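Examining the three-dimensional arrangement
Here is what each chain is made of, one letter per residue.
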Amino acid sequence: GMAVQVLENLISNSKYWLEMRSTRDSTFEPTITIVTHDNPPTIIYEDNGMGISPENREKVFQAFFSLKEKSKRRGLGLFIARECAEFNDGSLVLDDYTDPS
């Protein structure tokens, strides 16, 4: 159940930002990719959004931190996702990759 919560929060976050980008760029094709590996159990989650700026890379995992518009923000999604991963002896980290466009 907690793995589903992690994925749901990641997808919800991506969906918001990818829709924002699609609104600004009619040629943008949003993509979300989820890959699983068995040993060790790993989920790799990617989207083709703009990425997260270096100064916010850890802040996005803090409770109540959000860059979304005020009416849409709660600031708990990635916080809860990381907490769920850690509760199950896992981790939730951001890769260093950022979209070059």
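Definitions and limits used
- Residues numbered from 1 in each chain as written.
- Predicted model: local features only at pLDDT ≥ 70, side-chain atom pairs only at ≥ 80, totals over all residues.
- Heavy atoms only, no water.
- Helix = DSSP H or I, 4+ residues; strand = E, 2+ residues; numbered from the N terminus.
- Rg over C-alpha atoms; globule rule 2.2 N^0.38 Å.
- Buried < 20%, exposed > 50% of the residue type's maximum accessible area, 1.4 Å probe, protein only.
- Core = buried A, V, L, I, M, F, W, Y, C linked by side-chain atoms within 4.5 Å.
- Contact = heavy atoms within 4.5 Å.
- Phe/Tyr/Trp six-rings, centres within 6.5 Å; stacked < 30°, edge-to-face > 60°.
- Lys NZ or Arg CZ within 6 Å of the ring centre and 35° of its normal.
- Polar contact = N/O pair within 3.5 Å; in protein donor to acceptor, adjacent residues only side chain to side chain.

**A few points about the overall build of the protein chain**
Check the secondary structure of the protein chain and you find two helices and two strands. Mapped in sequence order, the helices and strands of the protein chain form the string α-β-β-α. Taking 101 residues into account, the globule formula puts the C-alpha radius of gyration at 13 Å, and the protein chain, at 14 Å, falls close to it. Projected onto its principal axes, the C-alpha coordinates of the protein chain cover approximately 40 × 30 × 25 Å. With 101 residues in all, the protein chain has 24% of them scored as buried.

**Digging into the nonpolar core**
Among the nonpolar cores identified, the biggest contains ten residues, and these are V6, L10, Y45, V60, F61, L78, A81, C84, A85 and L92. Those elements that place two or more of their residues in this core are α1 (2-24) and α2 (77-87). Element by element, the count of residues in this core is highest for α2, at four residues. Leave out the neighbours within four places in its chain, and L10 touches Y45, L78 and L92.

**Quick notes on the packing of aromatic side chains**
All told, the structure shown has one aromatic pair when counted by the stated rule. Centre to centre, the rings of Y16 and W17 are 4.8 Å apart; their planes meet at 90°, and the pair counts as edge-to-face. Residue W17 is classed as partly exposed on the basis of its relative accessible area of 35%. Positioned above the aromatic ring of Y16, the side-chain terminus of K68 is 5.0 Å from the ring centre. One residue, R82, lies across the ring of F61, its end atom 3.7 Å from the ring centre.

**Overview of the side chain of S66**
Position of S66 relative to the elements: it lies in the loop between β2 (42-47) and α2. Overall, S66 belongs to the buried group, its relative accessible area being 18%. A polar side-chain atom of S66 sits 3.1 Å from the main-chain amide nitrogen of K68. The contacts of S66, once residues within four sequence positions are left out, are R73 and G75.

Read these as layout, nothing more, since geometry by itself doesn't imply function.
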